[in-house]
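Results of the structural survey
Here is what each chain is made of, one letter per residue.
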Amino acid sequence: MFWDAVDVMEPDDYVRRLEHDRLHDYGYTAGDMSLTGPMDAERAVMQGLECYILNPDGSREPVRDRETYQQALSHEKLFGMEAAEKEILRYFKQDAVPLFNQEEMRKIYSLALQAGMKNEPEENRLLDGIIHKAECSFPGEGQREAPVEEQEALPGDVIR
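What counts as what
Residues numbered from 1 in each chain as written. Predicted model: local features only at pLDDT ≥ 70, side-chain atom pairs only at ≥ 80, totals over all residues. Heavy atoms only, no water. Helix = DSSP H or I, 4+ residues; strand = E, 2+ residues; numbered from the N terminus. Buried < 20%, exposed > 50% of the residue type's maximum accessible area, 1.4 Å probe, protein only. Contact = heavy atoms within 4.5 Å. Areas by Shrake-Rupley, 256 points an atom, 1.4 Å probe, with all protein chains shown as cover. Phe/Tyr/Trp six-rings, centres within 6.5 Å; stacked < 30°, edge-to-face > 60°. Lys NZ or Arg CZ within 6 Å of the ring centre and 35° of its normal. Core = buried A, V, L, I, M, F, W, Y, C linked by side-chain atoms within 4.5 Å. Patch = residues over 30% accessible without salt bridge, like charges linked within 9 Å, V, L, I, M, F, W, Y side chains within 5 Å. Salt bridge = Lys/Arg side-chain N within 4 Å of Asp/Glu carboxyl O. Axes fitted to C-alpha atoms, helices over the stretch in contact; angles between N-to-C directions. Parallel < 35°, antiparallel > 145°, perpendicular 65-115°, else oblique. Nonpolar A, V, L, I, M, F, W, Y, C, P; charged D, E, K, R; others polar.

Looking only at helices and strands, the protein chain has 6 helices and 4 strands in total. Along the protein chain, from the amino end to the carboxyl end, the secondary structure elements read α-β-α-β-β-α-β-α-α-α. Evaluated residue by residue, the protein chain yields a buried proportion of 29% over its 160 residues. Contacts in the protein chain between residues at least 24 apart in sequence constitute 68% of all its contacts with a sequence separation of at least 6. Accessible area of the protein chain: about 11200 Å², with a carbon and sulfur share of 53%.

Quick look at the structure:
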(Lines give C-alpha, C1' and ligand atoms only; values in the text may rest on other atoms or scores of the structure.)
Protein backbone atom coordinates (compact mmCIF):
# COMPACT_ATOMS: atom_id res chain seq x y z
CA MET A 1 0.00 0.00 0.00
CA PHE A 2 2.80 2.41 0.84
CA TRP A 3 4.46 1.91 -2.54
CA ASP A 4 1.21 2.75 -4.35
CA ALA A 5 1.41 6.30 -2.96
CA VAL A 6 5.01 6.88 -4.08
CA ASP A 7 5.56 8.82 -7.30
CA VAL A 8 8.03 7.25 -9.69
CA MET A 9 10.87 9.64 -10.60
CA GLU A 10 13.55 9.59 -13.22
CA PRO A 11 17.08 9.53 -11.74
CA ASP A 12 17.85 13.15 -12.79
CA ASP A 13 14.58 14.36 -11.22
CA TYR A 14 15.39 12.44 -8.05
CA VAL A 15 18.86 14.01 -7.82
CA ARG A 16 17.40 17.50 -8.39
CA ARG A 17 14.85 16.84 -5.64
CA LEU A 18 17.57 15.72 -3.22
CA GLU A 19 19.62 18.84 -4.02
CA HIS A 20 16.55 21.05 -3.54
CA ASP A 21 15.77 19.43 -0.20
CA ARG A 22 19.40 19.75 0.96
CA LEU A 23 19.42 23.47 0.12
CA HIS A 24 16.12 24.00 1.95
CA ASP A 25 17.29 22.02 4.99
CA TYR A 26 20.44 24.18 5.02
CA GLY A 27 18.31 27.33 4.96
CA TYR A 28 18.86 28.50 1.37
CA THR A 29 15.33 28.69 -0.03
CA ALA A 30 15.64 31.20 -2.90
CA GLY A 31 15.36 28.44 -5.52
CA ASP A 32 17.63 30.23 -8.00
CA MET A 33 20.73 28.07 -7.52
CA SER A 34 21.71 24.53 -8.33
CA LEU A 35 23.73 22.80 -5.60
CA THR A 36 27.36 22.49 -6.67
CA GLY A 37 29.87 20.16 -5.06
CA PRO A 38 33.18 21.47 -3.70
CA MET A 39 35.35 20.10 -6.52
CA ASP A 40 33.07 21.55 -9.18
CA ALA A 41 32.96 24.87 -7.32
CA GLU A 42 36.75 24.98 -7.35
CA ARG A 43 36.80 24.13 -11.05
CA ALA A 44 34.23 26.83 -11.76
CA VAL A 45 36.32 29.43 -9.95
CA MET A 46 39.43 28.34 -11.87
CA GLN A 47 37.55 28.67 -15.19
CA GLY A 48 36.17 32.10 -14.32
CA LEU A 49 32.57 30.92 -14.01
CA GLU A 50 30.11 32.45 -11.57
CA CYS A 51 29.87 30.32 -8.45
CA TYR A 52 28.33 31.36 -5.14
CA ILE A 53 28.69 30.60 -1.47
CA LEU A 54 25.19 29.88 -0.16
CA ASN A 55 24.34 31.01 3.34
CA PRO A 56 21.72 29.55 5.72
CA ASP A 57 19.99 32.95 5.90
CA GLY A 58 19.10 32.67 2.20
CA SER A 59 21.78 35.05 0.96
CA ARG A 60 24.57 34.25 -1.45
CA GLU A 61 27.96 35.75 -2.14
CA PRO A 62 30.20 35.26 -5.18
CA VAL A 63 33.33 33.17 -4.95
CA ARG A 64 35.88 35.54 -6.46
CA ASP A 65 39.09 33.59 -5.96
CA ARG A 66 40.62 30.38 -4.63
CA GLU A 67 41.22 31.90 -1.19
CA THR A 68 37.51 32.73 -0.78
CA TYR A 69 36.69 29.22 -1.96
CA GLN A 70 39.08 27.63 0.56
CA GLN A 71 37.70 29.75 3.39
CA ALA A 72 34.10 28.78 2.58
CA LEU A 73 35.09 25.13 2.28
CA SER A 74 36.77 25.20 5.69
CA HIS A 75 33.53 26.57 7.19
CA GLU A 76 31.52 23.78 5.50
CA LYS A 77 29.49 26.20 3.38
CA LEU A 78 27.47 25.00 0.41
CA PHE A 79 28.14 26.21 -3.12
CA GLY A 80 25.69 26.94 -5.90
CA MET A 81 25.61 27.93 -9.55
CA GLU A 82 22.95 29.18 -11.92
CA ALA A 83 21.83 26.64 -14.51
CA ALA A 84 23.51 28.40 -17.46
CA GLU A 85 26.87 28.53 -15.66
CA LYS A 86 26.55 24.87 -14.69
CA GLU A 87 26.05 23.99 -18.36
CA ILE A 88 29.28 25.79 -19.23
CA LEU A 89 31.01 23.87 -16.43
CA ARG A 90 29.66 20.63 -17.91
CA TYR A 91 31.40 21.56 -21.19
CA PHE A 92 34.73 22.11 -19.41
CA LYS A 93 34.39 18.74 -17.67
CA GLN A 94 34.10 16.89 -20.96
CA ASP A 95 37.10 14.96 -22.12
CA ALA A 96 36.89 16.40 -25.63
CA VAL A 97 38.99 18.41 -28.02
CA PRO A 98 37.76 22.03 -28.21
CA LEU A 99 35.90 22.92 -31.39
CA PHE A 100 37.89 26.14 -31.89
CA ASN A 101 41.60 26.77 -31.34
CA GLN A 102 42.79 29.82 -29.35
CA GLU A 103 43.21 32.02 -32.42
CA GLU A 104 39.68 31.21 -33.62
CA MET A 105 38.25 31.83 -30.14
CA ARG A 106 39.96 35.23 -29.97
CA LYS A 107 38.43 36.14 -33.35
CA ILE A 108 34.96 35.02 -32.23
CA TYR A 109 35.40 37.03 -29.04
CA SER A 110 36.49 40.10 -31.03
CA LEU A 111 33.55 39.79 -33.43
CA ALA A 112 31.09 39.38 -30.56
CA LEU A 113 32.50 42.51 -28.86
CA GLN A 114 32.20 44.49 -32.11
CA ALA A 115 28.64 43.30 -32.65
CA GLY A 116 27.81 44.25 -29.05
CA MET A 117 28.85 47.83 -29.72
CA LYS A 118 25.85 48.22 -32.07
CA ASN A 119 23.70 48.33 -28.92
CA GLU A 120 20.77 46.28 -30.21
CA PRO A 121 18.91 45.12 -27.07
CA GLU A 122 17.58 41.85 -28.56
CA GLU A 123 21.07 40.70 -29.47
CA ASN A 124 22.83 41.87 -26.30
CA ARG A 125 21.77 38.92 -24.13
CA LEU A 126 22.95 36.43 -26.74
CA LEU A 127 26.20 38.31 -27.28
CA ASP A 128 26.82 38.60 -23.54
CA GLY A 129 26.52 34.81 -23.29
CA ILE A 130 28.89 34.28 -26.23
CA ILE A 131 31.43 36.70 -24.78
CA HIS A 132 31.23 35.06 -21.34
CA LYS A 133 31.76 31.59 -22.79
CA ALA A 134 34.69 32.82 -24.89
CA GLU A 135 36.30 34.46 -21.85
CA CYS A 136 35.99 31.24 -19.88
CA SER A 137 37.57 29.31 -22.76
CA PHE A 138 40.83 31.25 -22.61
CA PRO A 139 43.27 29.57 -20.24
CA GLY A 140 44.06 31.90 -17.39
CA GLU A 141 46.74 31.97 -14.75
CA GLY A 142 46.45 29.11 -12.31
CA GLN A 143 43.96 27.15 -14.38
CA ARG A 144 44.53 23.45 -14.53
CA GLU A 145 42.57 20.58 -15.92
CA ALA A 146 41.07 18.55 -13.09
CA PRO A 147 41.82 14.84 -13.40
CA VAL A 148 38.77 12.79 -14.32
CA GLU A 149 38.70 11.13 -10.90
CA GLU A 150 38.37 14.60 -9.26
CA GLN A 151 35.40 15.64 -11.37
CA GLU A 152 31.92 15.38 -9.96
CA ALA A 153 29.13 13.87 -12.01
CA LEU A 154 26.23 16.15 -12.86
CA PRO A 155 22.71 14.92 -13.60
CA GLY A 156 22.70 13.93 -17.27
CA ASP A 157 26.46 13.24 -17.46
CA VAL A 158 27.52 10.04 -19.15
CA ILE A 159 29.74 8.06 -16.79
CA ARG A 160 32.48 6.09 -18.53
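Attention now moves to the packing of aromatic side chains. Summed over the entire model, instances satisfying the criterion amount to 2 aromatic pairs. Judged by centre distance (5.4 Å) and plane angle (65°), the rings of Tyr91 and Phe92 are edge-to-face. Phe92 sits in the buried class, given a relative accessible area of 12%. It is Arg60 that lies over the ring of Tyr52; its NZ or CZ is 4.3 Å from the centre.

The next subject is the nonpolar core. Core analysis: the largest hydrophobic core is formed by 15 residues, its most contacted members being Leu49, Cys51, Val63, Phe79 and Met81. Once residues lying within four places of it in the same chain are set aside, the contact partners of Leu49 are Ala44, Met81, Glu85, Ile88, Leu89, Phe92, His132 and Cys136. Counting 7 residues, the second largest nonpolar core, distinct from the first, contains Leu23, Leu35, Leu54 and Leu78.

Nonpolar side chains collect at one region of the surface, where Met9, Tyr14, Val15 and Leu18 lie side by side and expose about 350 Å² of accessible area between them. Along the chain, the position of Met9 falls in the segment before helix 1 (11-26). For Met9, a relative accessible area of 37% puts it in the partly exposed group.

Right, let's get into the environment of Ala84. Within the secondary structure layout, Ala84 lies in helix 4 (residues 83-93). What makes Ala84 exposed here is its relative accessible area of 53%. Between the C-alpha atom of Ala84 and that of Gly129, which follows or precedes it by 45 residues, the distance is 9.2 Å.

On to the packing of helix 2 (residues 38-47) against helix 4, then. As a packed pair, helix 2 and helix 4 sit with axes 10 Å apart at the nearest point and diverge in direction by 90°. Of the possible angle classes, the one that applies to helix 2 and helix 4 is roughly perpendicular. For the pair helix 2 and helix 4, contact is made by Asp40, Arg43, Ala44 and Gln47 and by Leu89, Phe92 and Lys93, respectively. Partitioning the contact of helix 2 with helix 4 into residue classes produces 3 nonpolar, 1 polar and 3 charged.

Looking now at unusual backbone geometry. A positive phi is found at Glu76, a non-glycine position, where the angle reads about 55°. Looking at where Glu76 falls in the secondary structure, it is placed in the loop between helix 3 (66-74) and strand 4 (78-81). We classify Glu76 as exposed; its relative accessible area is 69%.

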